[in-house]
Amino acid sequence: MDFRVDFTSDNILPDGNNFGQVGEHNAAILVITPPKEMTDNAEILYFCLACEVGREYIKSVVRSELYEKAETIRVPLWQQATISETAKLQLEGYDGNNNVIIKSKLVAYNLNPSANGLQVERDINGGSLAGSVAKLSKEIAEMNEQRPQMVDGVVDYTEIAMFTTDPTLVVIETSLLPENARVKKIEIPDIMNQTNEYVSLEDVIAKDTENGYSSPYYIMYPKNMIGNFFTTAAIVVFSAMSTNSFYTTVEANLFMDQKIKIYYEIEEN
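All of these numbers come straight from a predicted model, not from anything done at the bench.

In this section: the environment of G23. Mapping G23 onto the fold places it in the loop between strand 2 (18-21) and strand 3 (29-33). Note on G23: relative accessible area 35%, which makes it partly exposed. For G23, the contacting residues outside a window of four places in its chain are Q79 and T82.

Here it is, written out as structure tokens:
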């Protein structure tokens with residue numbers, strides 16, 4: 001569905017500020033008219049859409065690809081820009097050297113809440129889905145018998161946001177965990193060393209091939225507190241301003257089409 005974003009008008013969002021559902025990917029198309037000061041500026045060659053997403057005290061900025069300068073551009077609202085119910089967008093104008101020349105006004109938009117829960121594998125032929133549903137039913141029964149219990153939630157990359165915000169920070173965010181989940185551990189595929197192994201976030205830096213850090217400076221699991229406190233599942237803070245192979249792998253979106261394993265406990269109601 002198309003939504004107009006007209007920075008030349010006093011009514012920037014004439015079609016309203018609700019752009020669909022949390023977690024959608026390319027369902028909403030933003031038809032953006034840049035402000036006059038951007039289209040008239042000869043230095044600007046490209047446009048980029050920046051979205052501020054997140055909740056509470058954890059805010060992150062995710063950016064679209066670069067679009068060639070035009071009177072209007074069509075930008076599909078990608079999944080990482082739909083991870084929270086409230087967000088903001090801003091158009092950035094770039095020169096040919098990747099420098100930001102001008103930014104537009106910051107505009108708020110909303111997304112409707114989506115269903116949360118333990119994710120199961122999807123198979124259009126129905127083969128693995130039945131097994132996954134059976135597995136999920138067994139886990140629910142076990143959780144009812146004895147709580148809290150460790151649960152292995154495997155989430156597709158397209159259903160989470162895994163991104164960098166500055167040279168010291170990697171954020172893993174998802175709105176798909178149960179409301180009463182408490183994150184304990186996250187495992188990711190060891191793409192940095194091109195193996196098929198899964199490694200925990202605590203072990204990632206020990207495998208760093210560029211800098212050889214023995215461990216990250218700090219790993220925080222904001223959603224290990226009681227209740228639905230954050231959509232942020234983990235934050236990895238590094239001990240130096242220089243980047244490393246894990247950071248650069250995340251920044252290059254090389255985890256696309258991979259799976260992230262999120263282990264959590266289910267709280268007593």
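Relative to strand 9 (residues 100-103), strand 8 (residues 86-94) runs antiparallel, the two sharing 3 bridges. Looking at strand 9, one finds that E92 is bridged to K103. Linking two consecutive strands that pair antiparallel, namely strand 8 and strand 9, is a turn of 5 residues; a positive phi of about 70 degrees is found at N98 within it.

Let us look at the sheet that holds strand 3. Ordered in space as 1-3-7, the 3 strands form an open sheet in which the pairing is mixed. Looking at strand neighbours, the two that pair on one side only are strand 1 (2-6) and strand 7 (73-76), the edges of this open sheet. Each strand of the sheet is rotated relative to its neighbour by a mean of 25 degrees, with strand direction disregarded. Bridge analysis of strand 3 against strand 7 gives 4 bridges, and the strand direction is antiparallel. Each residue of the ladder has a partner; that of L30, found in strand 7, is V75.

Take the confidence of the model for the chain next. Overall, the prediction assigns the chain a mean pLDDT of 76, with 68% of residues at 70 or greater. In this model, residues 116-130 is a region of pLDDT below 50 whose contacts with residues beyond four sequence positions or in other chains number 30 contacts. The low-confidence segment residues 224-229 (pLDDT under 50) makes 13 contacts with residues lying over four places distant or belonging to another chain.

Turning our eyes to something else, we now look at unusual backbone geometry. Peptide bonds are trans in most cases, and residues, glycine excluded, mostly fall at negative phi. With a phi angle near 65 degrees, N26 is a residue other than glycine that sits in the positive phi range. Position of N26 relative to the elements: it lies in the loop between strand 2 and strand 3. Judged by its relative accessible area of 37%, N26 is partly exposed. The phi angle at N253 is positive, at roughly 60 degrees, despite the residue not being glycine. Tracing the chain through its elements places N253 in the loop between helix 4 (245-251) and strand 18 (259-266). Under the relative-accessibility criterion, N253 is labelled partly exposed at 39%.

Calculation rules
Residues numbered from 1 in each chain as written. Predicted model: local features only at pLDDT ≥ 70, side-chain atom pairs only at ≥ 80, totals over all residues. Heavy atoms only, no water. Helix = DSSP H or I, 4+ residues; strand = E, 2+ residues; numbered from the N terminus. Buried < 20%, exposed > 50% of the residue type's maximum accessible area, 1.4 Å probe, protein only. Contact = heavy atoms within 4.5 Å. Pairing = 2+ DSSP bridges. Axes fitted to C-alpha atoms, helices over the stretch in contact; angles between N-to-C directions. pLDDT = per-residue confidence, 0-100.

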